[in-house]
Amino acid sequence: MRIISLASGSDGNMTYVESEKVKFLVDIGLSCAEAVKRLKLIDVQPEEIDAILVTHEHNDHIKGVDAFSYKYDKPIFAHKSVWDNLKFKLIKTPSKNRRFFETDTFNLRDVVVHAVEVPHDVPCFGYCFENNGAKISILTDVGHTNDRILDSIRGSQLVYLEANYDKTMLKEGKRYPLALKHRIAGGRGHLSNDESALLIKYLVESGSRQIVLSHLSRENNTPDLAYSYIAEKLRDYGIIEGVHVKIDVASPNPGTMFKL
Ligand SMILES: [Zn+2]
Ligand SMILES: [Zn+2]
């Protein structure tokens, strides 16, 4: 499989995944035109995309989904509970392209997809992809983690994991109203750098060797802070970045293409 983050963070999220037999996007939180531009940077034409998988209805994940699906006649996959709200936002998409799944596992040609329900303030799913012994997970917009989530992503060689906010920056920041701060830090909001570090510890112990810190808040985190804070936390757990695990940070711009 090959995978690349084409956009990550508060302003839009989009990840491209391909195997030998299928090419798909996880979320299109950019305009359709911008999504197409970014696909062309990696020599992928929009017509080649087989499917769009949606995590949840927030605009930073679906901004361009309706237009892209409509323009290029592409199916959109989301869990039935996500579609319950999505159907009012994706109004151009004809019913034949509104694909919902109710089971946790389904196939996109040669890729086995596991949908992982995560606590967020609307129905929301992470995804794991398995193909030829490789396992990749994408987990963002996670209010809190639990054993079920960890069990689902365990054994992934590569994990795109939310590190949304630094606790102090969120607490002391002047721009967000208190209610929003509570929403972000609450059990149905987002993962902090601390929570992300603890999950990475478990992931490394289960064999993960590459983590990409994702969905960083523009207001309440920075790439340098997320990286250094989490690397230091991991050191406390006896895990050395660069030795036991490699950590990258996804940005609003296209990142590294990983091959597994
Ligand atoms: Zn989001
Ligand atoms: Zn969200």
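Numbers given to residues run from 1 along each chain, matching the order in which its sequence is written. Working convention: letters from A go to chains and numbers from 1 go to ligands, in the order in which they are written. Predicted model: local features are reported for residues with pLDDT of at least 70 only, side-chain atom pairs are reported and counted for 80 or more only, and whole-chain, interface and lining totals are derived from all residues. As a rule here, side-chain values come from all non-hydrogen atoms in the structure, and water together with hydrogens is ignored.

A. Up close: the packing of helix α1 (residues 32-41) against helix α3 (residues 65-72). In this analysis, axes come from line fits to C-alpha atoms, helices being fitted only over the stretch in contact, and the angle between any two N-to-C directions falls in the range 0 to 180 degrees. Each helix is a run of DSSP H or I of at least 4 residues and each strand a run of E of at least 2, with the numbering of both proceeding from the N terminus. Running from N to C, α1 and α3 cross one another at 70°; their axes reach a closest spacing of 8 Å. It follows that α1 is roughly perpendicular to α3 by the angle criterion. Here Cys 32, Val 36 and Leu 39 of α1 lie close against α3, whose contacting residues are Ala 67, Phe 68 and Tyr 72. Its residues assigned to classes, the contact of α1 with α3 shows six nonpolar, no polar and no charged. Working definition: roughly parallel below 35 degrees, roughly antiparallel above 145 degrees, roughly perpendicular at 65 to 115 degrees, and oblique for all remaining angles. By the convention used here, residues are in contact when the closest approach between their heavy atoms is within 4.5 Å. Throughout, the ten residues Ala, Val, Leu, Ile, Met, Phe, Trp, Tyr, Cys and Pro are labelled nonpolar, Asp, Glu, Lys and Arg are labelled charged, and all others, Gly among them, are labelled polar.

B. Representation of the coordination of the zinc ion (ligand 2) in the model. Only N, O and S atoms count as donors, using a 2.8 Å cut-off from the metal and 3.2 Å for Na, K and Ca, and because water is excluded some sites may appear unfinished. Around the zinc ion (ligand 2), the donor atoms from the protein are His 56 (NE2), His 58 (ND1), His 120 (NE2) and Asp 141 (OD), and they sit 2.2 to 2.4 Å away. Coordination at the zinc ion (ligand 2) is irregular: its four donor atoms span angles of 91 to 169° at the metal. Each donor residue of the zinc ion (ligand 2) lies on the same chain, and together they follow the pattern H-x1-H-x61-H-x20-D. Taken as an interatomic distance, the gap from the zinc ion (ligand 2) to the zinc ion (ligand 1) is 3.5 Å; Asp 141 donates to each of them. Remark: His 120 occurs in the loop between β8 (111-118) and β9 (124-131) and His 58 occurs in the loop between β4 (51-53) and α2 (59-62); sequence separation between them is 62 residues. The buried label goes to any residue with under 20% of its type's maximum accessible area, the exposed label to any with over 50%, and the partly exposed label to all in between, with areas taken from a 1.4 Å probe on protein chains only. Relative accessible area serves as the criterion here: at 1%, His 120 is assigned to the buried category. Metal sites are grouped by the angles between bound donors: all angles between 85 and 135 degrees with four donors is tetrahedral, opposite donors over 155 degrees apart with the others between 65 and 115 is square planar for four donors and octahedral for six, and any other pattern is irregular.

C. Representation of the nonpolar core in the model. Definition used in this section: a nonpolar core is a set of buried Ala, Val, Leu, Ile, Met, Phe, Trp, Tyr and Cys residues joined via side-chain atoms within 4.5 Å. In terms of nonpolar packing, the biggest core is built from 53 residues, with Phe 24, Leu 53, Phe 68 and Phe 129 touching the most fellow members. Looking at this core, you find at least three residues from each of domain 1 (1-103) and domain 2 (142-252). The residues contacting Phe 68, other than those within four sequence positions of it, are Leu 25, Ile 28, Cys 32, Val 36, Leu 39, Pro 46, Ile 49, Ile 52, Asp 73 and Lys 74. Counting 27 residues, the second largest nonpolar core, distinct from the first, contains Ile 149, Ala 197, Ile 230 and Ile 247. For every domain, the bounds stem from an assignment made automatically or drawn from a database.

D. Quick look at the coordination of the zinc ion (ligand 1). Donor atoms from the polypeptide that bind the zinc ion (ligand 1) are Asp 60 (OD), His 61 (NE2), Asp 141 (OD) and His 215 (NE2), placed at 2.1 to 2.3 Å. Because the angles between the four donor atoms bound to the zinc ion (ligand 1) fall within 88 to 165°, the donor set is best described as irregular. Of note, the zinc ion (ligand 1) draws all its donor residues from one chain, in the sequence arrangement D-H-x79-D-x73-H. Residue class for Asp 141 comes out buried when judged on its relative accessible area of 1%.

E. Looking closely at the sheet that holds strand β14 (residues 258-259). Two strands pair under a simple rule: DSSP has to find at least two bridges between them. On the basis of which strands lie adjacent, the open sheet formed by seven strands has the order β6-β5-β4-β3-β2-β1-β14 and mixed pairing. Among the strands making up the open sheet, the edge pair consists of β6 (98-101) and β14. Taken together, the two bridges between strand β1 (residues 2-7) and β14 define a ladder with antiparallel strand orientation. Bridged to Arg 2 within β14 is Lys 259. Docked against the sheet, α3 engages β3 (23-26), β4 and β5 (76-79), running at close to 165° with respect to β4.

F. Here's a closer look at α3. Within the sequence span of α3, burial applies to Val 65, Asp 66, Phe 68, Ser 69 and Tyr 72. Looking at the packing, one finds that the buried side of α3 touches β3, α1, β4, α2 and β5. Asp 73 lies just past α3 and shows a positive phi near 55°.

G. Spatial organisation of the domain arrangement of the chain. Domains assigned within the chain are domain 1 (1-103) and domain 2 (142-252). For domain 1 and domain 2, the distance between their C-alpha centroids amounts to 24 Å. The term buried area means the drop in 1.4 Å probe accessible area that two parts suffer when joined, counted for both and summed. When domain 1 packs against domain 2, the two sides together hide about 840 Å² of surface, and 45% of this comes from carbon and sulfur. Contact with domain 2 buries surface across domain 1, with Ile 3, Ser 8 and Ser 10 losing the most and accounting together for 49% of the total. By definition here, a salt bridge exists when the distance from a side-chain nitrogen of Lys or Arg to a carboxyl oxygen of Asp or Glu is within 4 Å. Taken together, the connections running from domain 1 to domain 2 amount to one salt bridge. Its salt-bridge partner being Arg 218, residue Asp 11 comes within 2.6 Å of it at the nearest N-O pair.

H. View of the packing of helix α8 (residues 193-205) against helix α9 (residues 223-236). Viewed as axis vectors pointing N to C, α8 and α9 meet at an angle of 50°, and their least axial separation amounts to 9 Å. On the basis of the axis angle, α8 is oblique to α9. In this structure, the crossing between α8 and α9 has a hand that is right-handed. Across the interface between the two elements, Asn 193, Asp 194, Ser 196, Ala 197, Ile 200 and Lys 201 of α8 pack against Leu 225, Ala 226, Tyr 229, Ile 230, Lys 233 and Leu 234 of α9. In the contact of α8 with α9, the residues fall into seven nonpolar, two polar and three charged. By the definition used in this description, the sense in which the near helix is turned from the far one sets the handedness, with an anticlockwise turn below a right angle giving left-handed and a clockwise turn giving right-handed.

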